[in-house]
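Breakdown of the fold
Here is how the chains run, residue by residue.
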Amino acid sequence: MIGELAIWYLFLAGAGAGALMVGSVLEMRTPFNRRCTVVTGGMPVAGATSRGSMALWCCAIEPRPDYQGFFGPVYGVGLLAVLVGTLCLFADLGRPDRVLMLLLHPTFSFIAIGVYLLMFLMLCAGVLWVLWGLGLAFFPRWLAGLARGGCILGSVAVMAYTGLLLASMPAVVFWNTWWLPLLFVVSDISAGFGLVALSVVLSGDAASFHTTLTRIRHWDSTAVAAEAVLLLLLMLTALSKGPTAQVSVALLLSGALAPLFWGMVVGVGLLFPLVLERVQRAFGQRSMIVLGVALVISCFFLRWCVVQAGALPDIEAAIMTVLGSGP
């Protein structure tokens, strides 16, 4: 029902969107260097002050070099992850003509909406990467603000969409709950924290942003705890939805998927970050790398396990959906 390429899409698009959202929110709290030009009498005067209503201000943002080592890698990694995830989605469609039909003749299907959300997010993230990754000076202030706001909204939409895509299938009762989109959003934010930490540490600027990385580690502990609660609620809801959903839960807890679920999702993604936070107060670069890798790996295996556990559709729900009677 959901192929391996689609699972990679759910993982890469969601984790990349999480990193872009974290970067955009942090950028909102970051001071900028501004350079303004006053146009008076047809002659621009750089650095002048505005006196009179006829003055036209053309303000631009110049990225501060000391912050480029943080936001450049973050936006670059997030944008790359979303781009590769989008390519996985296109490859999953199977034929190039389907991709062209999807882009040239948009519909209100979930796939079409997801593609345009991805395009919007990549456009906004691309603008921000040009600003911070390439260090483009005199960037229009209004354009940077729009790109930042669009990146936050687009990231949240893409993260929620990856869960809604599965939850919108009434035939798979295990997926058909609002807990699943919420779980995916929180998991993507946690993976986004991991990608941010990895991109900054591996770029060699971790020492300059030690305080920010420490805050990210604390924030991620909250995200991991919320993820554990939502995963539990998903399981409890599935147990009350009949035998098909109960089989899905059994596959995760004690069946064929149990080693991956308990080892990679619960152990690596939930218990390990919380234990590491309690045991190792002073985080070094190696610890941040290990934590980031654990969060990213757990994000992938959560989607893998959830998709595989829902492989058995509820035949009755599928027939009722076709007849228009609902699940």
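A few points about the state of the cysteines
Applying the stated criterion to the full structure yields zero disulfides. Its sulfur unpaired, C124 is 6.3 Å from the next cysteine sulfur, which belongs to C151. With relative accessibility at 0%, the residue C151 sits in the buried group.

Notes on the packing of helix α5 (residues 141-167) against helix α6 (residues 179-202)
Following both chains from N to C, one finds α5 and α6 inclined at 145°, their axes separated by 8 Å at the closest point. The handedness of the crossing between α5 and α6 comes out as right-handed. Here α5 contributes M159, A160, T162, G163, L164, L166 and A167 to the contact with α6, which in turn contributes L180, P181, F184, V185, D188 and I189. Along the lines of polarity and charge, the residues of the contact of α5 with α6 split into 10 nonpolar, two polar and one charged.

Concerning helix α2 (residues 65-93)
A rise of 1.5 Å per residue sets the reference length of α2, with its 29 residues, at 42 Å; its end C-alpha atoms lie 42 Å apart and thus fit the reference within 8%. Along α2, the largest kink reaches about 30° and is centred on F71; proline P73 follows within four residues of it. Positive phi shows up at G94, right after α2, with a value of about 95°.

Some words on a nonpolar patch on the surface
Where nonpolar side chains cluster on the molecular surface, the patch consists of L80, L83, V84 and L87 and spans about 340 Å² of accessible area. With respect to the secondary-structure elements, L83 resides in helix α2. Judged by relative accessible area, L83 falls into the partly exposed class, the value being 38%.

Side note on the pattern of salt bridges
Tallied over the full model, the rule gives two salt bridges. Among the ionic pairs, D188 bridges to R303, the shortest N-O distance being 2.7 Å. Of this pair, D188 sits in helix α6 while R303 is found in helix α10 (residues 285-309), placing the two residues 115 residues apart along the sequence. Here the two residues D188 and R303 agree in accessibility, since each one is buried.

Some words on the packing of helix α9 (residues 258-279) against α10
With their axes 9 Å apart at the nearest point, α9 and α10 run at an angle of 145° to one another. α9 and α10 meet at a crossing whose hand is left-handed. Contact with α9, carried on its side by L260, F261, M264, V265, V268, G269, F272, P273 and L276, involves S287, V290, L291, A294, L295, I297, S298, F301, L302, W304 and C305 of α10 and no other residues of that element. Residues that form the contact of α9 with α10 fall into these classes: 17 nonpolar, three polar and no charged.

Comments concerning the environment of S287
By the secondary structure assignment, S287 is in helix α10. Considering only alpha carbons, one finds S287 and L276, 11 residues apart in sequence, at a separation of 8.6 Å.

Overview of the environment of A6
Examined against the element boundaries, A6 turns out to sit in helix α1 (residues 4-28). On the basis of relative accessible area, A6 is assigned to the buried category, the value being 9%.

Rules used throughout
- For every chain, the first residue of the written sequence is number 1, and numbering continues from 1 onward in sequence order.
- Local features in this predicted model are restricted to residues whose pLDDT is 70 or higher, and side-chain atom pairs enter the listing and the counts only when it is 80 or higher, whereas totals over whole chains, interfaces and linings include all residues.
- Side-chain measures were taken over the full set of non-hydrogen atoms in the model, leaving aside hydrogen atoms and water.
- Any two cysteine sulfur atoms lying within 2.5 Å of each other are counted as a disulfide.
- Burial classes: relative accessible area under 20% of the type maximum marks a residue as buried, over 50% as exposed, and values in between as partly exposed (1.4 Å probe, protein chains only).
- Axis definition: a line fit to C-alpha positions, over the contact stretch in the case of helices; interaxial angles, taken between N-to-C directions, run 0 to 180 degrees.
- Under the DSSP-based scheme used, a helix requires at least four consecutive residues in state H or I and a strand at least two consecutive residues in state E, with every element numbered from the N terminus.
- Handedness of a crossing is defined here by the sense of rotation of the near helix relative to the far one, left-handed for an anticlockwise turn of less than a right angle and right-handed for a clockwise turn.
- Contacts between residues were defined by any pair of non-hydrogen atoms, one from each residue, lying within 4.5 Å.
- When residues are grouped by polarity, Ala, Val, Leu, Ile, Met, Phe, Trp, Tyr, Cys and Pro land in nonpolar, Asp, Glu, Lys and Arg in charged, and all others, Gly among them, in polar.
- By this rule the span expected of a helix is its residue count minus one, scaled by 1.5 Å.
- Take the seven residues that end at a residue and the seven that start at it, fit an axis to each, and the angle between those axes is the bend at that residue.
- Exposure above 30% relative accessible area and the absence of a salt bridge qualify a residue for a patch, where like charges join within 9 Å and nonpolar side chains (Val, Leu, Ile, Met, Phe, Trp, Tyr) within 5 Å.
- Accessible surface is estimated by sampling points in the Shrake-Rupley manner with a 1.4 Å probe; for residues, cover comes only from the protein chains shown.
- Salt bridges are identified by distance alone: a Lys or Arg side-chain nitrogen within 4 Å of an Asp or Glu carboxyl oxygen.

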